[in-house]
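Here is how the chains run, residue by residue.
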Protein chains: 2
Amino acid sequence: QELSPLYQGFEWLAPILKLLGMFLILLGSFKLAPVVLLFVEGQQEDTQVFFYSMLFTLLCGGVMVALGSLAPFNLRGRQIFLLTSLSWIVLSFFSSFPLLFGSTQLSVADAMFETISGLTTTGSTVLSGLDTMSHGILLWRAILQWLGGIGIIVMGMAILPFLQVGGMRLFQSESSDWSEKAMPRSGTIAKAIGKVYLGLTTLCIISYWLAGMNGFDALVHGLTTSATGGFANYDASMGHFADTPWILWITILFMFLGALPFVLYVHMIQGRPLPLLKDSQVRALAKILISAVVLMTLYLMTQHNWPWFEALTHAAFNVTSVVTTTGYASTDYNAWGTFAVIFFLYLMFVGGCSGSTSGGFKVFRHQLSIMLMRNQMMALLHPRGVFSQNYNGRHVPDDVIRSMVAFAFFFFATIAALALALSFMGLDFLTSFTAAVSAVANVGPGLGDTVGPAGNFSSLPDLGKAMISLGMILGRLEIVTFMILFTRAFWRA
Amino acid sequence: QELSPLYQGFEWLAPILKLLGMFLILLGSFKLAPVVLLFVEGQQEDTQVFFYSMLFTLLCGGVMVALGSLAPFNLRGRQIFLLTSLSWIVLSFFSSFPLLFGSTQLSVADAMFETISGLTTTGSTVLSGLDTMSHGILLWRAILQWLGGIGIIVMGMAILPFLQVGGMRLFQSESSDWSEKAMPRSGTIAKAIGKVYLGLTTLCIISYWLAGMNGFDALVHGLTTSATGGFANYDASMGHFADTPWILWITILFMFLGALPFVLYVHMIQGRPLPLLKDSQVRALAKILISAVVLMTLYLMTQHNWPWFEALTHAAFNVTSVVTTTGYASTDYNAWGTFAVIFFLYLMFVGGCSGSTSGGFKVFRHQLSIMLMRNQMMALLHPRGVFSQNYNGRHVPDDVIRSMVAFAFFFFATIAALALALSFMGLDFLTSFTAAVSAVANVGPGLGDTVGPAGNFSSLPDLGKAMISLGMILGRLEIVTFMILFTRAFWRA
Ligand SMILES: [K+]
Ligand SMILES: [K+]
């Protein structure tokens, strides 16, 4: 019996529909939190907006799950590419209603920008007047980042290695084995990681509260710190708490913890702390952070005559924030001079570890690049020599290197294209460039007066906001995962 | 009979000494041209300076050849690395005397900057008041670039492919075969290339003269155009001739011709024009140039309301000048707005063809990068597929790809480090960045008011000039050729 092409198409899309529907139901349920908060605070209008938006999201999710269940569940490579990309866009769309119709009354471009920035944990914002903003909106932004954070960990651990994107096959393990045999074990790891994420967030919230934040601030900043997201409750970002160095140091600690590979925490909890302590990527990140903080502290002390503790605190805070792609600011480091500006621009390219909540180029890719450069030097001296290609004590296959290299080229080409497009809209050199880097690396703030740590993205033209939003999604999906949908080969295969 | 380590060391250095000496004798002989010119023009003081500098150079060269001939001639891989790097530095040093002691009275940093900029065909200058400068100095600068140009062709054709630097093994051919059997044939090709270079230069000089330049201007600009060098006789660069579009279009043609692989001209003269016309790199360069010129012409017409011919001429001139890394300017394109600034910044990264006089990243590396990116996309869709790795109709071995990629990382890392170092000296963002790119890609002018097409490098601090000079040498030597001298492995092997 021949099946019609239309039904074949439906059968192909059905599992995607079903999973998207399940994600929407999850997203909808989380809208209950702002509903309750707004109701308690007596903000009737926003309560209604959130409530209806919750109902609509749950309804759409339910319909999609029902429709998707009509065909047998069968998920393969190409469908996973489509699902992964669609998830971020569809979820961002359904998350934007409260910002569109609530008290913020954002335009479509602004609302999509803010939710994409939230879910991708980029943390760039078009909102100002955060200090007096509706708590429902602030909580919702934080929830978006927190949900995005766990999405990114799962994607980096299970999906991208399986799809072999950007050299991530290096991190192929039980958790990215999708065979039926391995599924139960993968499920266990996923649950353990969920628990770790929840535990880390709770710890962060409690620490903030003990250090003197009020309950709401502790909750929101706890959510956005663990997610290395960077949305804050104040226009001055964490600069609002600059008088309490304790809070800044707690942030530094948890931003760092959020940028480590979460699977290593699971090992640690299972009684094996060694993988975390000996992991080559973790050690490299720590070394990069320490060197950059020392350098910037000395710079602030010698060139700007800051006292040592103030210099150390703000250097450590902002360096860690940019390297882990969190994007909080404790002060306007854009005003520290050209050397600092270029230095922070480079830090944007570092990125955290793979399998963490952070974005960017990622530490392991820098390590592989340096290994390539070193091997090249040796090959020039010993043309017939063969040089080991090891990472973290294991051999790195050539195809991993190739896909890492291709990722590097895609990454820089995307940033270059985005910067050129932004400059065409009349943005200045520094703004165009750093807004592009900040979006694709999911850092949040750029540099310069407009999009820098003291600025805001609201003054950008709508088309520019749309392009930056696209850049955030591209960056979050390691570019190729998304770009591949626009090749003829994808739809012909 | 055991040889002392000291003698062994001398035996190792002797062939390097001998060849350096021969280069010095060549350089010294070329100083005769300014000596004669200055003598005829009656500039007694400068005549003497050039004369003594010529004698000194010839003397040193002679002594080195004599010393080097005391040991048997035996040149191997590591010695060639050292010789190649030393050549640029030693020749620059001996070329700087007339600028140090002549009427220009430059400081050591300035004189070294100017000669390194000359020999590497970068074309950045610290001199101003060119319009009224001693003809001897102007001619000497042009000769430096012209000699540098032929040096670069030979290096790109015979030495770098042999050393397997930066993916240049792709262009390994008879001319880079150093075995004794192939030597006579290589010699023939080298001579043919020398003739082509001389012929092209002569053609360029005559064209300039016919188009209305005076004899001296035609000579100097002919030398610096064929070498894609970019030194001009006027502070306004080729803007001095902007009223004669003929001259600008002649420059465009010869800059393009200078950026093509010279070995293909030899084929053409031997009756095989097909390799030149069908060469993948040549076609790609032509496509890049045409697209960039069309885009920039439309930009000038629509955003700045320029008439079409003026827009086309200045777009074609400055785009070709930057892409071929010549570095002439027909007008201050830095003032065309941020979009143009970023666009020209990107053009600096294009570079000409391998085996030409031009510098930069080079077109073939962009082509290989795009091939890598395309293959990566296909590999994601067909994880078990094997994709052909072809360039110009031939298979590209993996080690060529690896060394190309390593070069790319070295290239960008060098630019990044240089930009950061320059920013530490108080240069602004645009200046630091574009001065770094311009130096490493051997373009000449950067962007911005200081080092842009209307600016001048003289106001930079001496340390900055020294670092930019180092950047030019690094770029010219495809970075690794020079960096390898600073590894422990090089001196231990
Ligand atoms: K962020
Ligand atoms: K040049």
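Residues numbered from 1 in each chain as written. Chains lettered and ligands numbered in written order. Predicted model: local features only at pLDDT ≥ 70, side-chain atom pairs only at ≥ 80, totals over all residues. Heavy atoms only, no water.

A. Layout of the pattern of salt bridges. Residues and elements named next belong to chain A. What the rule picks out here adds up to ten salt bridges over all chains. Taking the shortest distance from any N to any O, the salt bridge between arginine 141 and glutamate 114 comes out at 2.9 Å. Linking arginine 141 in helix α7 (residues 135-163) with glutamate 114 in helix α6 (residues 108-119), this pair joins segments that are 27 residues apart in sequence. Overall, the relative accessible area of 1% leaves glutamate 114 in the buried class. In this structure, the salt-bridge partner of aspartate 462 is lysine 465, at a minimum N-O distance of 3.9 Å. (Salt bridge = Lys/Arg side-chain N within 4 Å of Asp/Glu carboxyl O. Helix = DSSP H or I, 4+ residues; strand = E, 2+ residues; numbered from the N terminus. Buried < 20%, exposed > 50% of the residue type's maximum accessible area, 1.4 Å probe, protein only.)

B. Geometry of helix α19 (residues 462-476) of chain B. All names here are of chain B. With 15 residues, α19 extends 21 Å between its outermost C-alpha atoms, agreeing within 8% with the 21 Å of an ideal straight helix rising 1.5 Å per residue. All of the buried residues in α19 are Gly464, Lys465, Ile468, Ser469, Gly471, Met472, Ile473, Leu474, Gly475 and Arg476. Lining the buried residues of α19 we find α4 (77-95), α6 (108-119), α7 (135-163), α17 (398-424), α18 (429-440) and α20 (480-483). (Expected span 1.5 Å × (residues − 1). Contact = heavy atoms within 4.5 Å.)

C. Summary view of the packing of aromatic side chains. Tallied over the entire structure, the rule returns 75 aromatic pairs over all chains. Between phenylalanine 97 of chain B and phenylalanine 101 of chain B, the aromatic rings sit 6.4 Å apart at their centres with planes inclined by 35°, giving tilted as the arrangement. One end of the pair, phenylalanine 97 of chain B, and the other, phenylalanine 101 of chain B, are both in helix α5 (residues 97-101), four residues apart, so they sit about a helical turn from each other. Consider the rings of tyrosine 333 of chain B and tryptophan 336 of chain B, whose centres lie 6.3 Å apart with planes at 65°: the pair is edge-to-face. Neither tyrosine 333 of chain B nor tryptophan 336 of chain B differs from the other in exposure class; each is buried. Connected via pairs of aromatic rings, a cluster forms that spans Phe349, Phe361, Phe407, Phe411 and Phe412 of chain A together with Phe349, Phe361, Phe407, Phe411 and Phe412 of chain B. Taking the ring centre of phenylalanine 490 of chain A as reference, the NZ or CZ of arginine 78 of chain A above it sits at 5.6 Å. (Phe/Tyr/Trp six-rings, centres within 6.5 Å; stacked < 30°, edge-to-face > 60°. Lys NZ or Arg CZ within 6 Å of the ring centre and 35° of its normal.)

D. Quick look at the environment of leucine 138 of chain B. By the element assignment, leucine 138 of chain B lies in helix α7. If we skip the residues at most four places from it in the chain, leucine 138 of chain B touches Leu130, Met133, Phe216, Val220, Ala232 and Asn233 of chain B.

E. The coordination of the potassium ion (ligand 1), seen in detail. All names here are of chain A. The protein atoms donating to the potassium ion (ligand 1) are Thr121 (O), Thr122 (O), Gly229 (O), Thr325 (O), Thr326 (O), Asn442 (O) and Val443 (O), with metal-donor distances spanning 2.4 to 3.0 Å. Between the donor residues of the potassium ion (ligand 1), the gaps in sequence give the motif T-T-x106-G-x95-T-T-x115-N-V. Pair noted here: threonine 121 is in the loop between α6 and α7 and threonine 325 is in the loop between α14 (308-323) and α15 (338-347), with a separation of 204 residues, a long-range link. No difference in accessibility class separates threonine 121 from threonine 325, as the two residues are buried. (Donors = N, O, S within 2.8 Å, 3.2 Å for Na, K, Ca; no water.)

F. Structural context of the nonpolar core. Of all hydrophobic cores here, the largest spans 342 residues; its most connected members are Met296 and Phe344 of chain A together with Met296 and Phe344 of chain B. Apart from the residues lying within four places of it in its own chain, the contact partners of methionine 296 of chain B are Ala315, Val319, Trp336, Phe339, Ala340, Phe343 and Phe344 of chain B. (Core = buried A, V, L, I, M, F, W, Y, C linked by side-chain atoms within 4.5 Å.)

G. Up close: the interface of chain A and chain B. With 53 residues of chain A in contact, the opposing surface of chain B contributes 53 residues. At the junction of chain A with chain B, the criterion picks out zero salt bridges. Connecting chain A to chain B are two residue pairs in polar contact (both at pLDDT 80 or more). Elements represented by at least two residues in the side of chain A that touches chain B include exactly α4 (77-95), α13 (280-303), α15, α16 (363-381), α17 (398-424), α18 (429-440), α21 (480-483) and α22 (488-492) of chain A. Along the lines of polarity and charge, the residues of the side of chain A that touches chain B split into 38 nonpolar, eleven polar and four charged. (Polar contact = N/O pair within 3.5 Å; in protein donor to acceptor, adjacent residues only side chain to side chain. Nonpolar A, V, L, I, M, F, W, Y, C, P; charged D, E, K, R; others polar.)

H. Main features of the coordination of the potassium ion (ligand 2). Residue and element names in this part refer to chain B. Coordination sphere of the potassium ion (ligand 2), protein contribution only: Thr121 (O), Thr122 (O), Gly229 (O), Thr325 (O), Thr326 (O), Asn442 (O) and Val443 (O), at 2.4 to 2.9 Å. Read in sequence order, the donor residues coordinating the potassium ion (ligand 2) give the pattern T-T-x106-G-x95-T-T-x115-N-V. Taken together, the residues span a long stretch of sequence, with threonine 122 in the loop between α6 and α7 and threonine 325 in the loop between α14 (308-323) and α15 (338-347) at a distance of 203 residues. No difference in accessibility class separates threonine 122 from threonine 325, as the two residues are buried.

I. Structural view of the side chain of histidine 314 of chain A. All names here are of chain A. Turning to its location among the elements, histidine 314 is positioned in helix α14. According to the relative accessible area criterion, histidine 314 is buried, its value standing at 9%. The contact partners of histidine 314, leaving out residues within four places of it in the chain, are Ala242, Leu248, Trp306, Ser330, Thr331 and Trp336.

J. Representation of a nonpolar patch on the surface within the structure. Residue and element names in this part refer to chain A. On the surface, Trp249, Ile290, Val294, Leu298, Met301, Trp308 and Phe309 cluster together to form a nonpolar patch covering roughly 690 Å² of accessible area. Where the nonpolar patch is concerned, the elements lending two or more residues are α13 and α14. With respect to the helices, strands and loops of the structure, leucine 298 is situated in helix α13. Owing to a relative accessible area of 46%, leucine 298 belongs among the partly exposed residues under this scheme. (Patch = residues over 30% accessible without salt bridge, like charges linked within 9 Å, V, L, I, M, F, W, Y side chains within 5 Å. Areas by Shrake-Rupley, 256 points an atom, 1.4 Å probe, with all protein chains shown as cover.)

K. Molecular detail of the domain arrangement of chain A. Residue and element names in this part refer to chain A. Split into domains, chain A comes out as domain 1 (1-76) and domain 2 (77-269). Computed from C-alpha atoms alone, the centre-to-centre distance between domain 1 and domain 2 is 20 Å. Counting from both sides, the interface comprises 27 residues of domain 1 and, opposite them, 29 residues of domain 2. In total, about 2,500 Å² of surface goes out of reach between domain 1 and domain 2, with carbon and sulfur atoms giving 77% of it. Among the residues domain 1 hides against domain 2, the three largest losses belong to Trp12, Leu27 and Arg76. Together they make up 22% of the total. Applying the counting criterion to the domain 1 and domain 2 interface returns zero salt bridges. (Domains from an automatic or database assignment. Buried area = accessible area lost by both parts, 1.4 Å probe.)

L. Seen up close, the packing of helix α13 (residues 280-304) of chain B against helix α16 (residues 363-381) of chain B. Residue and element names in this part refer to chain B. Packing of α13 against α16 brings their axes to within 9 Å, and their N-to-C directions diverge by 95°. Looking at the two axes, α13 sits roughly perpendicular to α16. Two secondary-structure elements touch here, α13 through Ser280, Gln281, Ala284 and Leu285 and α16 through Val363, Phe364 and Gln367. Looking at the contact of α13 with α16 residue by residue, the classes come out as four nonpolar, three polar and no charged. (Axes fitted to C-alpha atoms, helices over the stretch in contact; angles between N-to-C directions. Parallel < 35°, antiparallel > 145°, perpendicular 65-115°, else oblique.)

M. Broad picture of the environment of asparagine 74 of chain B. All names here are of chain B. Position of asparagine 74 among the secondary structure elements: in the loop between α3 (44-68) and α4. A residue is classified by how much of its surface remains accessible, and asparagine 74, at 41% relative accessible area, is partly exposed. As a C-alpha pair, asparagine 74 and methionine 112 span 38 residues in sequence and 31 Å in three-dimensional space. Not counting residues up to four positions away in its chain, the partners in contact with asparagine 74 are Pro15 and Gln79.

N. How the structure looks around helix α9 (residues 215-226) of chain B. Residue and element names in this part refer to chain B. Across its twelve residues, α9 extends 16 Å between first and last C-alpha, which sits within 8% of the 16 Å expected from 1.5 Å per residue. For α9, the buried fraction is high: ten of the twelve residues fall into the buried class. Among all positions in α9, only Phe216, Asp217, Ala218, Val220, His221, Gly222, Leu223, Thr224, Thr225 and Ser226 are buried. At the N-terminal end of α9, a side-chain oxygen is found 3.1 Å from the backbone nitrogen of phenylalanine 216, two or three residues along, and the residue is asparagine 214. Downstream of α9 by one or two residues, threonine 228 has phi in the positive range, about 40°.

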